[in-house]
Amino acid sequence: MKAVIQRVKNTSLSVDGQLISSIDFGLTVFLGVGVGDSQVNADKMAYKIARLRIFEDENGKMNRSVKDVGGEVLMVSQFTLYGDCAHGNRPSFTGAEQPEKANELYEYCVKKLGEEGITVRKGVFGADMKISQLNDGPVTIIMEN
């Protein structure tokens, strides 16, 4: 499982011109599910995202989590995180899990993150999503488990 986590001031996600989800402050998480990933991977990812200390404390140090600051998470499924460009110029996505299982683990990870007491908004699995966000910092973290 791979995630690109961005600290944001706001994010909105639309499909076919319709607003689907938005957050005012927190994290945008692009989540990729790889072949062989399981609920164990999703548990670890949700746990880590909830506790990732990338928000500033009163001393200006990155010492607070999205949970600590009362932020929200917009989680977007993104199989392209498994794009392999090692051979040629067209990425291969053979490392990405099949859609049905990937969606199941994506939804499970959203649920686990919500159980941490964090409001989680979602994209639309498999849709052509348009995402507009204002990055904060910018702070971008790449996690893999």
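Note that the structure is predicted; figures quoted are calculated from it, not measured.

Rules and cut-offs
- Residues numbered from 1 in each chain as written.
- Predicted model: local features only at pLDDT ≥ 70, side-chain atom pairs only at ≥ 80, totals over all residues.
- Heavy atoms only, no water.
- Axes fitted to C-alpha atoms, helices over the stretch in contact; angles between N-to-C directions.
- Helix = DSSP H or I, 4+ residues; strand = E, 2+ residues; numbered from the N terminus.
- Parallel < 35°, antiparallel > 145°, perpendicular 65-115°, else oblique.
- Left-handed = near helix turned anticlockwise from the far one by under 90°.
- Contact = heavy atoms within 4.5 Å.
- Nonpolar A, V, L, I, M, F, W, Y, C, P; charged D, E, K, R; others polar.
- Pairing = 2+ DSSP bridges.
- Buried < 20%, exposed > 50% of the residue type's maximum accessible area, 1.4 Å probe, protein only.
- Expected span 1.5 Å × (residues − 1).

A packed helix pair is summarised by two numbers, namely the angle formed by the two axes and the spacing between the axes. Put simply, helix H1 (residues 39–51) and helix H2 (residues 99–114) touch, their axes get as near as 9 Å, and they point 40° apart. With respect to H2, the element H1 is oriented oblique. Every pair of crossing elements has a handedness; the one defined by H1 and H2 is right-handed. Taking contact as the criterion, the partners of Gln39, Ala42, Asp43, Met45, Ala46, Ile49 and Ala50 in H1 are, on H2, Leu105, Tyr108, Cys109, Lys112 and Leu113. Across the contact of H1 with H2, the residue classes break down as 9 nonpolar, 1 polar and 2 charged.

What follows concerns the side chain of serine 14. Looking at the element boundaries, serine 14 is found in strand E1 (residues 2–15). Ignoring anything within four residues of it in the chain, the contact list for serine 14 reads Leu19, Ile20, Asp128, Met129 and Lys130.

Let us look at the pairing of strand E2 (residues 18–23). As defined by bridge partners, E1 adjoins E2 across 5 bridges and the pair is classed as antiparallel. Counted as the bridge partner of leucine 13 is serine 21 from E2. Linkage of E1 to E2, two consecutive antiparallel strands, is achieved through a turn of 2 residues, within which aspartate 16 is found at a positive phi near 55°.

Once that is clear, we can look at the pairing of strand E3 (residues 26–32). Each regular strand shows side chains that alternate between the opposite faces of the sheet. Most of E3 sits out of view: 7 of its 7 residues are buried. When E1 meets E3, the two strands line up antiparallel, connected through 7 bridges. Its bridge partner lying in E3, glutamine 6 is registered against threonine 28.

Another point: H2. In this model, H2 (16 residues) spans 22 Å end to end at C-alpha, consistent with the 22 Å of a helix rising 1.5 Å per residue. Every buried residue of H2 is listed here: Ala102, Leu105, Tyr106, Tyr108, Cys109, Val110 and Leu113. Elements that come into contact with the buried residues of H2 comprise E3, H1, strand E6 (72–77) and strand E7 (120–122).

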